[in-house]
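A look at the structure
This is what each chain is made of:
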Amino acid sequence: NDMKVIGDNICSSSRVKVENFRIILSRLDSAQLRVLSEFYQYDAERLKNIDFNSALSLYFRGDGKNSLRELFNREIIAVDVYGKKAMLRLDNGVELDFKKEGPYWKLDISDL
């Protein structure tokens, strides 16, 4: 349940995606921030100055049901490996992608 540990274990293309998302948030005007603040239920000023791990967690807060922390506590019912890519299917139907970088499997959210 440690977002820093999760953030340390995402693939490089996902890191770029989250960092770009964080930069976009930092450049929004107050009206745009207000809308996103309501959507994410996250303070607008904190949203504008969001850190990497908090930005990562927002990818999984849109519907309020599947927080990243909650997903990592679900039971894995299937694992499919295709070369350097893998897909984990969870007991609630969610599928998580992973990519092998060096000797490690890392979470891949680059297609979200």
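One can find the structure itself at the top, above this paragraph.
This report concerns the structure included in the present document. Keep in mind the model is a prediction, meaning the values are calculated, not measured.

About the thresholds
- Residues numbered from 1 in each chain as written.
- Predicted model: local features only at pLDDT ≥ 70, side-chain atom pairs only at ≥ 80, totals over all residues.
- Heavy atoms only, no water.
- Pairing = 2+ DSSP bridges.
- Helix = DSSP H or I, 4+ residues; strand = E, 2+ residues; numbered from the N terminus.
- Axes fitted to C-alpha atoms, helices over the stretch in contact; angles between N-to-C directions.
- Buried < 20%, exposed > 50% of the residue type's maximum accessible area, 1.4 Å probe, protein only.
- Polar contact = N/O pair within 3.5 Å; in protein donor to acceptor, adjacent residues only side chain to side chain.

To continue, consider the pairing of strand 4 (residues 104-107). Here strand 3 (residues 95-101) runs beside strand 4; their pairing, made up of four bridges, is antiparallel. Following the sheet pairing, K99 is matched in strand 4 by K106. Where strand 3 folds back on strand 4, the antiparallel hairpin that results is connected by two residues, among which G102 adopts a positive phi of roughly 65°.

Judged by pairing direction, the sheet is antiparallel, and its four strands sit side by side in the order 1-2-3-4 without closing on themselves. Sheet topology places strand 1 (76-82) and strand 4 at the edges, where each strand pairs with a single neighbour. Each neighbouring strand pair of the sheet contributes to a mean axis angle of 30°, computed without reference to strand direction.

Bringing the environment of S57 into the picture now. Its place among the elements puts S57 in helix 5 (residues 52-58). We classify S57 as buried; its relative accessible area is 13%. When the C-alpha positions of S57 and R69 are compared, they lie 8.3 Å apart, and in sequence the two are twelve residues distant. A distance of 2.7 Å separates a polar side-chain atom of S57 from the backbone oxygen of S54.

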